[in-house]
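So the chains spell out like this:
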Amino acid sequence: MIGLISATAAGAAARDRLAAAWPDRTRVYEGPVGDAVRAAFAECEQLVCFLATGAVVRLIAPLLGDKRTDPGVVTVDEGGRFAVSLVGGHGGGANELAVEVGELLAAQPVVTTATDAVGVPGLDTLGFPVEGDVAGVTRALLDGEPVALDAELAWPLPPLKVSSHGAYVIRVTDRAVAPGEREVALRPPSLVVGVGASKGAPVDEVLGLVESAVRDAGLSLASLAQLATVDAKSDEPGIVEAAERLGVPLVTYSAGELAAVEVPNPSDAPLAAVGTPSVAEAAALVGGGELLVPKRKSERADGQPAMATCAVVRRVARGRLAVVGLGPGARDLLTPRAKAELQRAAVLVGLDQYVDQIRDLLRPGTLVLESGLGAEEERARTAVAEARKGQAVALIGSGDAGVYAMASPALAEASDDIDVVGVPGVTAALAASAILGAPLGHDHVSISLSDLHTPWEVIERRVRAAAEADIVVTFYNPRSRGRDWQLPKALAILAGHREPTTPVGVVRNASRPDESSRLTTLAALDPAWVDMMTVVTVGNTATRDIAGRMVTPRGYRWQAAQASEEGAK
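Residues numbered from 1 in each chain as written. Predicted model: local features only at pLDDT ≥ 70, side-chain atom pairs only at ≥ 80, totals over all residues. Heavy atoms only, no water.

A.B. asks: How should I be thinking about the overall build of the protein chain in this particular structure?
C.D. replies: When you go through the protein chain residue by residue, the secondary structure sums to 19 helices and 28 strands. C-alpha extents for the protein chain along the principal axes are approximately 95 × 65 × 55 Å. Relative to all contacts within the protein chain whose residues are 6 or more apart in sequence, the contacts with residues 24 or more apart total 64%. Here the protein chain displays about 26,700 Å² of accessible surface, and carbon together with sulfur accounts for 51% of that area. Taken as two groups, the 53 positive and 70 negative side-chain charges of the protein chain have centres that lie 3 Å from each other. (Helix = DSSP H or I, 4+ residues; strand = E, 2+ residues; numbered from the N terminus. Contact = heavy atoms within 4.5 Å. Areas by Shrake-Rupley, 256 points an atom, 1.4 Å probe, with all protein chains shown as cover. Lys, Arg positive; Asp, Glu negative; His and termini not counted. Charge placed at Lys NZ, Arg CZ, Asp CG, Glu CD.)

In structure tokens, the structure reads:
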């Protein structure tokens with residue numbers, strides 16, 4: 001919950017805008033400001049104070065305890081010009097909150113955390129538990145001192161300015177080793193614990209077994225990724241509560257899935273009870289990995305038979321490929337999720353002109369692999385190969401990466417040995433539609449007129465089908481210097497099914513500084529207006545030019561009204 005505090009009418013107005021926008025995330029604190037701040041600090045995960053920064057500093061100073069547990073605090077000035085991340089920038093999420101508040105209130109976010117200011121990822125923002133000399137190693141990264149990366153586990157990380165040797169060390173490990181001087185330990189989520197339990201097994205017995213198994217193997221509970229068991233035990237209270245106390249998800253598999261996993265210690269007891277010869281070992285090994293702790297049973301102080309079993313597996317580190325859509329070109333149409341993936345990537349792969357659009361968003365140390373037009377399949381192979389090395393990779397494309405872009409060749413190349421994440425973007429068709437009005441208000445289709453990868457006979461058949469079905473058509477790749485006859489041919493096909501007055505929208509470089517657009521008709525369209533940077537949208541029989549805007553109604557009432565008028569004549 002985000003606590004909102006204000007002291008003046010101007011502050012209350014901005015506060016109320018935030019409360020209205022985030023009704024489920026915020027709580028307004030009324031009354032004396034000091035009492036309101038103290039109450040919100042104790043009850044909320046974050047605070048937004050519409051007060052002077054100095055006043056907030058004085059109010060929260062006596063309340064501050066530990067940056068790992070204190071709420072994040074953002075202050076907004078009376079004029080609503082700035083949203084300042086005051087405390088808890090990383091641990092309390094104040095940096096991200098300042099950006100969100102700034103976007104909502106049209107205020108400038110102010111983030112002074114050193115790592116954010118210079119583009120170096122904070123060690124406490126990598127998504128892994130971190131232990132040791134976090135401040136010292138972070139300062140070394142900021143100062144450009146040599147920092148060594150000792151990766152016992154090859155886990156995908158964002159770009160870090162590291163070397164093979166250095167006085168400071170970042171260790172990536174799931175072993176329960178205490179970080180030394182000038183060292184931090186990053187704990188990746190590498191451990192899976194399979195659990196089996198008899199009906200009614202006490203949570204303390206299950207939890208104690210898991211903790212002792214991990215500890216006795218010299219491993220860190222901070223690297224525990226999940227508990228796993230058979231479907232039949234998905235609601236077993238002892239297992240469910242153990243997962244909750246450990247703060248990890250409980251993953252379940254069918255008996256058939258577990259029975260197919262080869263294990264070193266099968267047993268007749270679980271086979272008879274739940275239909276698989278192994279629960280603990282099989283559940284831990286479903287995704288592959290190294291069995292570090294074979295099946296072991298709990299020990300009970302009362303001498304009664306054990307009610308729980310577990311096994312520990314170190315899962316294989318998987319590379320990560322994010323396929324990112326950059327939108328049509330304007331920076332404000334690049335989604336926050338896309339920005340986050342660009343900054344998370346240690347390797348960026350993309351067309352050179354698209355890389356230039358977002359180069360300033362990349363963190364220092366990002367490996368950029370760029371190439372020119374025509375090398376799409378090579379880029380897809382490169383991105384997948386880098387991910388298979390265990391890297392965090394971003395493969396970029398314009399618009400939405402899944403629409404005439406890089407997602408399809410990349411996914412055709414990728415197998416199930418890497419994690420793939422799709423990040424949607426605003427397509428050229430959508431950007432052009434917003435400029436033209438609402439031409440895509442009813443059924444519509446996008447067709448590329450490039451026959452480099454698709455035979456013209458196939459393209460022509462698709463255009464004809466869209467024409468006969470009376471569907472609005474958006475043409476991608478409509479015309480180039482060496483390919484100038486396809487667009488007139490496609491328009492002629494549509495003209496056989498639509499009136500010459502059918503509205504047609506032509507948009508070039510949608511959302512970019514040199515954007516241009518015009519609304520014309522099927523008969524008046526001059527193909528010379530069109531090039532490869534243009535999107536052409538042809539309306540259907542219901543599309544109209546209304547006040548200079550291209551509009552396709554959701555229903556066909558206009559057609560019905562027109563038919564009625566014509567029948568009355």
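A.B. asks: Would you explain the packing of helix 7 (residues 203-216) against helix 8 (residues 237-246) in this entry?
C.D. replies: Where helix 7 meets helix 8, the closest approach of the two axes is 8 Å, and the angle between their N-to-C directions is 55 degrees. With respect to helix 8, the axis of helix 7 lies oblique. The hand of the helix 7/helix 8 crossing is right-handed. Across from V203, D204, V206, L207, V210 and E211 in helix 7, the residues of helix 8 making contact are G238, I239, E241, A242, R245 and L246. (Axes fitted to C-alpha atoms, helices over the stretch in contact; angles between N-to-C directions. Parallel < 35°, antiparallel > 145°, perpendicular 65-115°, else oblique. Left-handed = near helix turned anticlockwise from the far one by under 90°.)

A.B. asks: How do you make sense of the sheet that holds strand 11 (residues 191-197) when you look at a structure like this?
C.D. replies: Each strand in a sheet pairs with its neighbour through backbone hydrogen bonds, running either in the same direction (parallel) or in the opposite one (antiparallel). Taken in spatial order, the five strands line up as 13-12-11-15-14 in an open sheet, and their pairing is mixed. A single partner strand is all that each edge strand has here, and the edge strands are strand 13 (250-253) and strand 14 (290-297). When strand polarity is set aside, the average angle formed by the axes of neighbouring strands in this sheet is 20 degrees. The pairing of strand 11 with strand 12 (residues 224-230) spans four bridges and is classified as parallel. Bridge pairing links V193 to L227 in strand 12. Of the strands in this sheet, strand 11, strand 12, strand 14 and strand 15 (308-314) touch helix 7, which is tilted by about 35 degrees from strand 15. (Pairing = 2+ DSSP bridges.)

A.B. asks: What is the right way to read the pattern of salt bridges from this model?
C.D. replies: Side-chain pairs of opposite charge can arise whenever the charged atoms involved come near each other. Inspection of the entire model under this criterion finds 28 salt bridges. With a closest N to O distance of 3.2 Å, R25 and E100 form a salt bridge. Of the two residues, R25 is situated in the loop between helix 1 (9-21) and strand 2 (26-28) and E100 in helix 4 (residues 94-105); the sequence distance between them amounts to 75 residues. Overall, the relative accessible area of 31% leaves R25 in the partly exposed class. By relative accessible area, E100 is classed as partly exposed at 31%. (Salt bridge = Lys/Arg side-chain N within 4 Å of Asp/Glu carboxyl O. Buried < 20%, exposed > 50% of the residue type's maximum accessible area, 1.4 Å probe, protein only.)

A.B. asks: I'm lost on the sheet that holds strand 2 in this one. Help?
C.D. replies: What the six strands build is an open sheet, ordered 2-1-3-4-5-6; its pairing is mixed. At either end of the open sheet lies a strand with only one pairing partner, and these are strand 2 and strand 6 (108-110). Within the sheet, the average angular offset between the axes of one strand and its neighbour, ignoring direction, is 25 degrees. Taken together, the four bridges between strand 3 (residues 46-50) and strand 4 (residues 72-76) define a ladder with parallel strand orientation. Bridge assignment links L47 to a residue of strand 4, and that residue is V73. On the sheet, helix 1 packs against strand 1 (2-6), strand 2 and strand 3 and is oriented at approximately 160 degrees with respect to strand 1. Contacts between helix 2 (residues 33-43) and the sheet are confined to strand 1, strand 2, strand 3 and strand 4, with strand 1 contributing the most and set at about 170 degrees to the helix.

A.B. asks: Sorry, what's going on with the packing of aromatic side chains here?
C.D. replies: We describe a pair of aromatic rings using the distance from one ring centre to the other and the angle between the two ring planes. Under the defined criterion, the tally for this structure stands at two aromatic pairs. An angle of 50 degrees between the planes, with centres 4.7 Å apart, marks the rings of Y404 and Y476 as tilted. With Y404 in the loop between strand 19 (392-397) and helix 15 (407-413) and Y476 in strand 23 (residues 472-476), this residue pair connects regions lying 72 residues apart in the sequence. Pairing W456 with W485 gives two aromatic rings, centres 5.1 Å apart and planes at 70 degrees, and the pair type is edge-to-face. Of the two residues, W456 sits in helix 17 (residues 456-468) while W485 sits in the loop between strand 23 and helix 18 (486-495), which places them 29 residues apart along the sequence. Given a relative accessible area of 10%, W456 falls into the buried group. Looking at W485, the relative accessible area reads 44%, which means it is partly exposed. Above the ring of W22, the side-chain terminus of R25 is found at 4.3 Å from the ring centroid. Its end group placed over the ring of W529, R518 keeps NZ or CZ at 3.9 Å from the ring centre. (Phe/Tyr/Trp six-rings, centres within 6.5 Å; stacked < 30°, edge-to-face > 60°. Lys NZ or Arg CZ within 6 Å of the ring centre and 35° of its normal.)

These figures capture arrangement, not role.
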